[in-house]
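# Commentary on secondary and tertiary structure
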Amino acid sequence: MSSQPQPFTPSSTLFVQRRSHLVQVLRERGIADEAVLAAIGVVPREAFVPDVLAANAYDDTALPIDELQTISQPFTVATMTSAVGVRSGSKILEIGTGSGYQAAVLAALGAIVYTIERHALLSHQARERFRRLGLQNIHTRVSDGSIGWAAQAPFDGILVTAGAPDVPEALARQLSIGGRLIVPVGDRVGQTLYSVTRTGDETWSAQDLGPFKFVPLIGAEGWQDGVR
Ligand code: SAM
């Protein structure tokens, strides 16, 4: 299946300038995938943050959103998107819709996106943003994403945007052969980001992408005692 890169409404000149500065910052920080940089260069991050934080939308930082969650730092989004390896028409599962920004970046690359969020309010807000921006290749669901979306598997790539205590086996098994699962694994204070590639029916290999910090993955294959 193939899809076209998705349309976006124009931003103000100020936001356009800040966005292109952010792309420059990410390039200087080592993000080398030009397609990913171009996608970050077209997605209006100001549309995914609370109105009062719009002036900070292009800082390279995580920002608070509702339900005590965060929109991930742009460097983290760029690293995960580069690592999963998106092509036009790739079928990508995201766990942790949050604001919807990461899903929009994947859609801008031409992916068909399936994204799961455990908080109904966040999923609803993200859906409304996708509608306003004219993004059509993003499918949303409210459920425990730590066990994936079996009915839609297999996926060419899976991004987990919350920190897990271990690699969720259900997600590893929902990859196609050659597909990659990008997942932060560690404790609640900090995690190591891993790229796990499915190399065969019962075989996977893992690569360490460095230290990161995420909010916890709460669910059957995540942390089970959290309130967030
Ligand atoms: N990708 C998001 C974005 O672009 O804004 C950032 C996500 S935020 C760092 C992590 C999200 O994972 C939170 O919204 C949280 O509610 C969600 N989450 C945590 N555990 C989850 C689970 N088991 N299933 C689905 N979502 C989960």
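My aim in this report is to walk through the structure given alongside it, one point at a time. (Residues numbered from 1 in each chain as written. Predicted model: local features only at pLDDT ≥ 70, side-chain atom pairs only at ≥ 80, totals over all residues. Heavy atoms only, no water.)

What follows concerns the site of the ligand. In the vicinity of the ligand, 28 residues are found, and the nearest of them are Glu 94, Ser 99, Glu 117, Gly 145 and Ile 218. Between an oxygen atom of the ligand and a side-chain N or O atom of Ser 99, the distance comes to 2.6 Å. In isolation the ligand has 610 Å² of accessible area, and contact with the protein removes 99% of it. More than half of the atoms of the ligand fall within 2 Å of the grid points belonging to the largest pocket. Breaking the shell around the ligand down by element, the ones donating at least two residues are β2 (69–71), β3 (91–95), α4 (101–108) and β4 (112–117). In terms of residue count, β2 provides more of the shell around the ligand than any other element does, three residues in total. (Near = heavy atom within 4 Å. Polar contact = N/O pair within 3.5 Å; in protein donor to acceptor, adjacent residues only side chain to side chain. Areas by Shrake-Rupley, 256 points an atom, 1.4 Å probe, with all protein chains shown as cover. 1 Å grid on protein atoms, 1.4 Å probe; cavity = no way out; pocket = protein on both sides within 12 Å on 5 of 7 lines; lining within 4 Å. Sits in = over half its atoms within 2 Å of the grid points. Helix = DSSP H or I, 4+ residues; strand = E, 2+ residues; numbered from the N terminus.)

Evaluated as defined, the whole model comprises seven salt bridges. One salt bridge connects Arg 27 with Glu 34, and the closest N-O pair in it is separated by 2.8 Å. Accessibility expressed as a relative area gives 33% for Arg 27, which makes it partly exposed. Between Glu 202 and Arg 173 there is a salt bridge, with the nearest N and O atoms lying 3.0 Å from each other. In this pair, Glu 202 is assigned in the loop between β8 (191–200) and β9 (203–212) and Arg 173 in helix α6 (residues 169–173), connecting sequence segments 29 residues apart. Connected through shared salt-bridge partners, Glu 128, Arg 131 and Arg 132 make up one network. (Salt bridge = Lys/Arg side-chain N within 4 Å of Asp/Glu carboxyl O. Buried < 20%, exposed > 50% of the residue type's maximum accessible area, 1.4 Å probe, protein only.)

Another point: the layout of surface pockets. One number sums up the size of the largest pocket: a volume of about 510 Å³. Around the largest pocket, the lining comprises 35 residues; the ones closest to its centre are Gln 69, Thr 70, Thr 161, Ala 162 and Val 215. The set of elements that each furnish at least two residues to the lining of the largest pocket consists of β2, α3 (74–84), β3, α4 and β4. Considering only residue class, the lining of the largest pocket consists of 12 nonpolar, 16 polar and seven charged. Considering only enclosed or pocket space, the second largest pocket measures out at about 180 Å³ in volume. If you trace the second largest pocket, you find it lined by Val 84, Gly 85, Arg 87, Ser 90, Asp 156, Ser 176, Gly 178, Gly 179 and Arg 180. For the lining of the second largest pocket, the element with the most residues is strand β7 (residues 175–186), which contributes four residues. Residue classes in the lining of the second largest pocket are distributed as one nonpolar, five polar and three charged. (Points joined across faces, edges and corners; volume = space filled by probe spheres on them. Nonpolar A, V, L, I, M, F, W, Y, C, P; charged D, E, K, R; others polar.)

Further remarks concern the sheet that holds strand β5 (residues 138–142). Remark on secondary structure: sheet strands pair via backbone hydrogen bonds, oriented parallel or antiparallel. What the seven strands build is an open sheet, ordered β5-β4-β3-β6-β7-β8-β9; its pairing is mixed. Two strands bound the open sheet, and with one partner strand each, they are β5 and β9. The average undirected angle you get between the axes of adjacent strands in this sheet is 15°. Pairing analysis gives five bridges linking β3 to β4, with the strands arranged parallel. Paired with Ile 95 across the bridge in β4 is Ile 116. Running over the sheet, α4 touches β3, β4, β5 and β6 (155–160) and is turned about 170° from β4. (Pairing = 2+ DSSP bridges. Axes fitted to C-alpha atoms, helices over the stretch in contact; angles between N-to-C directions. Contact = heavy atoms within 4.5 Å.)

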